[in-house]
Number of protein chains: 8
Amino acid sequence: MELTVYLAGHVHGDWREVVKAASKDKGLPIQFVHPQTEHDLSDAIGENILGEQPNDFFRDDAASAINNLRTTVLMQKSDVVIALFGDKYKQWNTTMDATTAINLGKPLIIIRPKEHIHAMKELSNKANVTVETIDQAIEVLAYIYA
Amino acid sequence: MELTVYLAGHVHGDWREVVKAASKDKGLPIQFVHPQTEHDLSDAIGENILGEQPNDFFRDDAASAINNLRTTVLMQKSDVVIALFGDKYKQWNTTMDATTAINLGKPLIIIRPKEHIHAMKELSNKANVTVETIDQAIEVLAYIYA
Amino acid sequence: MELTVYLAGHVHGDWREVVKAASKDKGLPIQFVHPQTEHDLSDAIGENILGEQPNDFFRDDAASAINNLRTTVLMQKSDVVIALFGDKYKQWNTTMDATTAINLGKPLIIIRPKEHIHAMKELSNKANVTVETIDQAIEVLAYIYA
Amino acid sequence: MELTVYLAGHVHGDWREVVKAASKDKGLPIQFVHPQTEHDLSDAIGENILGEQPNDFFRDDAASAINNLRTTVLMQKSDVVIALFGDKYKQWNTTMDATTAINLGKPLIIIRPKEHIHAMKELSNKANVTVETIDQAIEVLAYIYA
Amino acid sequence: MELTVYLAGHVHGDWREVVKAASKDKGLPIQFVHPQTEHDLSDAIGENILGEQPNDFFRDDAASAINNLRTTVLMQKSDVVIALFGDKYKQWNTTMDATTAINLGKPLIIIRPKEHIHAMKELSNKANVTVETIDQAIEVLAYIYA
Amino acid sequence: MELTVYLAGHVHGDWREVVKAASKDKGLPIQFVHPQTEHDLSDAIGENILGEQPNDFFRDDAASAINNLRTTVLMQKSDVVIALFGDKYKQWNTTMDATTAINLGKPLIIIRPKEHIHAMKELSNKANVTVETIDQAIEVLAYIYA
Amino acid sequence: MELTVYLAGHVHGDWREVVKAASKDKGLPIQFVHPQTEHDLSDAIGENILGEQPNDFFRDDAASAINNLRTTVLMQKSDVVIALFGDKYKQWNTTMDATTAINLGKPLIIIRPKEHIHAMKELSNKANVTVETIDQAIEVLAYIYA
Amino acid sequence: MELTVYLAGHVHGDWREVVKAASKDKGLPIQFVHPQTEHDLSDAIGENILGEQPNDFFRDDAASAINNLRTTVLMQKSDVVIALFGDKYKQWNTTMDATTAINLGKPLIIIRPKEHIHAMKELSNKANVTVETIDQAIEVLAYIYA
């Protein structure tokens, strides 16, 4: 049984590659999808396609429309969602993706550092499972096939 | 990840072939579906199958029933909808298809000329992305795979 | 049993007052709601609330966002939708409202002039009832209570 | 037509009272509901009801369960959601409530300061309307009745 | 707790009045709604409103559209559906209403004579309760309040 | 694009084989599914599996439970439903299957003889297309691929 | 804001009266509904209405059909569900009602004794809140209004 | 037509292997999935992944979160659910899985011993089919392909 897993979270570092490698090591038949991870492209995609916008507000709005279309398509194709929260950034997109997973009935694994326990308590309570490391999340995925 | 994209819009010219060729050029794994594009067949299909009708009203009603069945099947199979509005025609079917995509949660790209900005503002506001050219719409599709 | 009926359609003339008066004459316990009917206010509401926008495109987008919020609230409160199509205008908002009613499972009555039979055939085929005059639409509403 | 409006957002200061007073001044027939605004009570409610927990993590989890039950009941009763983002705090609960409103089809007004335009661009793009002040949000509510 | 009960079934005799009287005798706070029971009006309503149609087929189609709008409004307002099958007639409308109740999750009571046990076995199996007399159906309604 | 089509209708004669052959002749990539067509097996399946029942009523109820499980699985797998009404039998199962298709949003083609126009008018009005012969139904299917 | 709360659980003792009294003491505007609590009536209702059945199996099946209709009506009217598990009985109906609440998105409070922690861990994990006493459940209800 | 069948029920003995072997013997193209059947692993999985918990309560809660994620993924992939109730254990998870199947519209076969007829009457009444042996359940599956 093949599964598609959506990897929500910030776009810094290579954490998604770590996830993919760990999944591959365990031989899990999982395809991973995710939001656009090239930060500059993600910010520029609106003007790249629609042309120059009047100011930064509209530049952002144009980019977000296209990013949202992309993530909507990909999340609708997914069976499980993993949302990684780091110790930096506002991470509102990650929160939005995680909440959408909950509302769509898609099983959700949250990865978050200890220092966010308090601030994320309500979101974490709605998730299926909350862990602290990528390895733990992979173990949860592996358990589906155990 | 293969996607099916429904191409709503008028049935004049060969714009759908342009879309397909552009998608193929970019190597996108996309299958395109669409309403019946042979206008005469679309208008005649009711009488072709059900026989002569009492007058033009019922001729139209018979054709529309069969066209609606066709488009319902195809839209339910689609992951994304593109709706092209030209500078002519009432384009109520295009509006109907676009609105149905919105209501079904299917991501929607609208292509419309500048002169329709005002008349289409509420519909455009509900779409995921509104662009002005076919090339821009293809770029949005390509971005899903970027 | 009180019903709420949403009156979709253009904002010219006083056709909604005609509907309300006719309903009152028949003693129907119906509350009517509808999109913003003051055209200038509808176009200006974005800048009225959000301040001046960079150009006409963004002026329209700001207004449409607020108009869409308003109509979404009101349509969700409705039991029946009447969509009136006149012989002028693009009437894309009317089409969008009518299609939304269909997709939400809200019973839909279309009023349209004879000259639009062909152009509206697919939309009309999906509506519950299509009539040509306001009086006929009122008779349909009255029949719910007959 | 009475409406119920859910006020998502941080629990510091008296901004919800400002909203209620402004709505009352305009004579809007609106009932407001919201998450628990007494911060200490919100944090302690788990142990208040369930007794002492093993540590802070479980104290938080107990409280969040009861807060989530409360907000779920209230949001399901609402017709519109307003989500206020300030210039401090992580505001993940506000994001979660806003996203839930989007996913439930409940019309959403976001209030956020200019400095968050970039960080909130995807969420803002999915909202119906985004404004910068409470007064603007009240004007949007008033427009429903205009 | 007031309930609305939809009475599906043929339009011959006064069985719905028997139901209403029995419910009133037991003091049940129930409002009853139902399809148009004046058979002639039900058949003529299409031409009454839309004018003369080309032939019997279109006369029937016009009437059915308006009858369907009416019953859709009323069933959406209902909490329980009772479907009475007699020993005559095709009763396809009754079957259609009963099946719609099942699919909408509205609790369904079927009343049918013994001679239809075999022919209705699959429909009956999907209903919540199947009884043989109106009195039994009223007892089921009364049990909700017991 | 392969489609699955559910063939609702009576189980007398070989009309489903006619449909399959006609579809094959046209080269349509369609898989057909349908209720149990061996009438005796359909009636006996309850006792075959569950053992002898107290009387005919319970024999029928046992069979219908298993038949309903079977058809529910198959209809959920289908993209289009064809419901054939002949000139005999009550055909309540056919009506139930047709109504379920309507309620599930699955496009529905009804085949019915002229003599049933009046009795089936409301059901026919809710179907996407109503035809009189199997050949016409096949032409509608072929049109999806035209 | 008035709420309706469904009280699932065994029908022994007077625990539901305790709940109602405690709610009244706190002045909560809550209406309580629940399954049939007269055990003998609950078991006999099938034969009471449908007449004598062939054996105990069919006596039970007849009763359960009517009990299920009753509870379905009442749960659909509810805003919150409380499920009390005692230290005796199989309590499968309580489990069924609790799970239905979860699946319908109705907020769920479970009351269960400590000795069932292990056996109920998966169900408890899906509930919004799990407590050990009726008083605690009432406190959760009161917190909705706090 | 391949089907996926979810096997809910206790994790003692090898009854799932019996089901799989019987299905294979009949040549049914069915893939079976199920909850974690290694009881010790199922109880320990929370601490295995999340580390030691404060006490048994939290050990159970951690395990149940991961078990629920697993079963949610698998049930969403299934076309039919079989729930086996034995003569021992509380079997609340089995009840929860069976009820979830009912609420999701997934056809449900219950296997239960005669001594549970009374205690399970309401759940059984909501299932599609209730049988007493595994062989009978397999016959029902085979009938889908008959």
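Relevant structure appears above.
Residues numbered from 1 in each chain as written. Chains lettered and ligands numbered in written order. Predicted model: local features only at pLDDT ≥ 70, side-chain atom pairs only at ≥ 80, totals over all residues. Heavy atoms only, no water.

**A word on the sheet that holds strand 5 (residues 129-131) of chain G**
Residues and elements named next belong to chain G.
Here is step 1: With parallel pairing, five strands are arranged side by side in an open sheet as 2-1-3-4-5. Only two strands of the sheet have a single partner each, and these edge strands are strand 2 (30-33) and strand 5. When the angles between neighbouring strand axes are averaged without regard to direction, this sheet yields 20°.
Here is step 2: In terms of strand pairing, strand 1 (residues 3-9) meets strand 3 (residues 80-84) through five bridges, oriented parallel. Of the residues in strand 3, the one forming a bridge with Val5 is Val80. (Pairing = 2+ DSSP bridges. Helix = DSSP H or I, 4+ residues; strand = E, 2+ residues; numbered from the N terminus. Axes fitted to C-alpha atoms, helices over the stretch in contact; angles between N-to-C directions.)

**Points about the interface of chain A and chain D**
Here is step 1: With 33 residues of chain A at the contact, the number on the chain D side is 32 residues.
Here is step 2: Buried surface at the junction of chain A and chain D, both sides included, amounts to about 3200 Å², of which 55% is carbon and sulfur.
Here is step 3: Along the contact surface separating chain A from chain D lie two salt bridges.
Here is step 4: Where chain A packs against chain D, one counts 18 residue pairs in polar contact (both at pLDDT 80 or more).
Here is step 5: Breaking the side of chain A that touches chain D down by element, the ones donating at least two residues are helix 2 (39-50), helix 3 (56-76), helix 4 (92-104) and helix 5 (121-126) of chain A. (Contact = heavy atoms within 4.5 Å. Buried area = accessible area lost by both parts, 1.4 Å probe. Salt bridge = Lys/Arg side-chain N within 4 Å of Asp/Glu carboxyl O. Polar contact = N/O pair within 3.5 Å; in protein donor to acceptor, adjacent residues only side chain to side chain.)

**Comments concerning the side chain of C:Thr95**
Here is step 1: As for its position among the elements, C:Thr95 is in helix 4 (residues 92-104).
Here is step 2: Apart from residues lying up to four places away in sequence, C:Thr95 is in contact with B:Trp92, B:Thr95, B:Met96, C:Phe85 and C:Leu123.

**Quick look at the packing of aromatic side chains**
A ring pair, where both rings are aromatic, is described by two values, the distance of the centres and the angle of the planes.
Here is step 1: Inspection of the entire model under this criterion finds 20 aromatic pairs over all chains.
Here is step 2: Judged by centre distance (3.7 Å) and plane angle (40°), the rings of B:Phe58 and E:Phe58 are tilted. Of this pair, B:Phe58 sits in helix 3 (residues 56-76) while E:Phe58 is found in helix 3 (residues 56-76), placing the two residues in two different chains. As far as the burial class goes, B:Phe58 and E:Phe58 line up, both buried.
Here is step 3: Ring geometry for B:Trp92 against C:Phe85: centres 5.4 Å apart, planes inclined by 65°, an arrangement best described as edge-to-face. Here B:Trp92 is found in helix 4 (residues 92-104), whereas its partner C:Phe85 is found in the loop between strand 3 (80-84) and helix 4 on a different chain. C:Phe85 carries the same exposure label as B:Trp92, and that label is buried.
Here is step 4: The ring of D:Tyr143 carries C:Arg70 above its face, with NZ or CZ at 5.6 Å from the centroid. (Phe/Tyr/Trp six-rings, centres within 6.5 Å; stacked < 30°, edge-to-face > 60°. Buried < 20%, exposed > 50% of the residue type's maximum accessible area, 1.4 Å probe, protein only. Lys NZ or Arg CZ within 6 Å of the ring centre and 35° of its normal.)

**Some points on helix 2 (residues 39-50) of chain H**
Here is step 1: Listed in full, the buried residues belonging to helix 2 of chain H are H:Ser42, H:Asp43, H:Ala44, H:Ile45, H:Gly46 and H:Ile49.
Here is step 2: Residue H:Gly51 follows helix 2 of chain H closely and has a positive phi angle near 90°.

**Quick look at the sheet that holds strand 4 (residues 108-111) of chain H**
Residue and element names in this part refer to chain H.
Here is step 1: Read across the sheet, five strands follow the order 2-1-3-4-5 without closing on themselves; strand pairing throughout is parallel. Two strands in the sheet have a free side with no partner beyond their single neighbour: strand 2 (30-33) and strand 5 (129-131). Averaged over all neighbouring strand pairs, the angle between strand axes comes to 20°, with direction disregarded.

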